[in-house]
Structures are given as structure tokens and as C-alpha cells.
Amino acid sequence: MKIGGILAGLKDKGLKLTPQRQQIVRVLLRAKEPLSAKEIGEQVNRRFPNVGLGTVYRTIDTLKELGLVSEIIFPDGGKRFELRREHRHHLICLGCGRVVSFPFCPDDCVMRVAATNPDFEIHGHSFAVYGYCGKCRK
């Protein structure tokens, strides 16, 4: 996924390509792991010191509505965000908050849910495994 394609998609949807919005997309593109809105804001503020957290949240919401960003919800209600590159699931450390993505899907689980709930039309799913990483277990 390249910034040009994302920005073209935003423009096609009639959205303004503000420098702040472009910077938020750049931060998400460079991220090696999912980021909180606060972490995104801190990185954006290096270039645009006056961008508030509200702008970050509104932009994330817009990107989520367009299907460009995924949201990972922690057991404590905290959220992290990442650009949708390919279908992924996550291991989440309850100690340090580290998130590790893995590219395979528990398809058998989704198929079992569909089989036991034939009237439910599935439009997507997410899968997260919560635990403690090696550093936090020590």
C-alpha cells in the first residue's frame, strides 16, 4: 500500500487532502505495529505541532469508514490502529501492550460460527489472543 493510492482514494471520496491528514496517513504507513491515537498524534506533532488529538481521531474515523484502517480493542478499552494491508490477526501482551500481527486466519472457527448461526450474515471478523510476552513473563 502506497500513500499515493490511499490519498487518491480519499480524494475520490470527496475528502480534502489536508497536510495534516496526509501526515496521519504517512505515520500509519511507516508504523511497524498498531499505534494508539496518542502515539499517532505525537508523531504528527513533530511536523505539525498544532494538530490536536481530535483531528487525529476524526481522521482515523474517516479512514475506518473507508475501510483503510483497522481498529484493535484491548480488554481495558484501549484502542490501537493500523492501515489495512492484508487480513491479519493479533497477539496482544497484557503487560506491556505490545501487539504482534500474524497473517493466518482461524477459518475453522468462522466456518463453525456460520454453520451454527445460518441466519447471521457475516461481513468480517477479528481475532485477538491476549496473554503475556516473554519479557513480561520474566
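What this report covers is the structure whose coordinates are included nearby.

**A word on the layout of surface pockets**
And step 1. There is about 400 Å³ of room inside the largest pocket.
And step 2. Contributing to the lining of the largest pocket are 20 residues, with Ser70, Glu71, Arg84, His125 and Ser126 lying nearest its centre.
And step 3. Of all the elements in the fold, those that place two or more residues in the lining of the largest pocket are strand S1 (69-73), strand S2 (79-83), strand S3 (89-93) and strand S5 (128-131).
And step 4. Counting residues per element, the lining of the largest pocket draws most heavily on S1, which supplies five residues.
And step 5. Tallied by class, the residues present in the lining of the largest pocket amount to seven nonpolar, six polar and seven charged.
And step 6. Of the volumes computed, that of the second largest pocket is approximately 160 Å³.
And step 7. In this structure, the second largest pocket is lined by Phe74, Pro75, Asp76, Gly78, Lys79, Arg80, Cys93, Leu94, Gly95, Cys96 and Gly97.
And step 8. Of the residues contributing to the lining of the second largest pocket, the split by class is five nonpolar, three polar and three charged.

**Structural notes on the sheet that holds strand S4 (residues 99-102)**
And step 1. In spatial order, the strands read S4-S3-S5; together these three strands make up an open sheet with mixed pairing. At either end of the open sheet lies a strand with only one pairing partner, and these are S4 and S5. Here the average twist between neighbouring strands, direction ignored, is 20°.
And step 2. Taken together, the four bridges between S3 and S5 define a ladder with parallel strand orientation. Each bridged residue has a counterpart across the sheet, and for Leu91 the counterpart in S5 is Val129.

**Considering the packing of helix H1 (residues 3-12) against helix H2 (residues 19-30)**
And step 1. Two numbers describe how H1 lies on H2: the axes approach to 11 Å, and their chain directions differ by 140°. As the angle between them shows, H1 and H2 are arranged oblique. Of the two elements, H1 crosses H2, and the hand of that crossing is right-handed. Seen from H1, the contacting residues are Ile3, Ile6, Leu7 and Leu10; seen from H2, they are Arg21, Gln22, Val25, Arg26 and Leu29.
And step 2. In terms of residue class, the contact of H1 with H2 is built from six nonpolar, one polar and two charged.

Cut-offs applied
Residues numbered from 1 in each chain as written. Predicted model: local features only at pLDDT ≥ 70, side-chain atom pairs only at ≥ 80, totals over all residues. Heavy atoms only, no water. 1 Å grid on protein atoms, 1.4 Å probe; cavity = no way out; pocket = protein on both sides within 12 Å on 5 of 7 lines; lining within 4 Å. Points joined across faces, edges and corners; volume = space filled by probe spheres on them. Helix = DSSP H or I, 4+ residues; strand = E, 2+ residues; numbered from the N terminus. Nonpolar A, V, L, I, M, F, W, Y, C, P; charged D, E, K, R; others polar. Pairing = 2+ DSSP bridges. Axes fitted to C-alpha atoms, helices over the stretch in contact; angles between N-to-C directions. Parallel < 35°, antiparallel > 145°, perpendicular 65-115°, else oblique. Left-handed = near helix turned anticlockwise from the far one by under 90°. Contact = heavy atoms within 4.5 Å.

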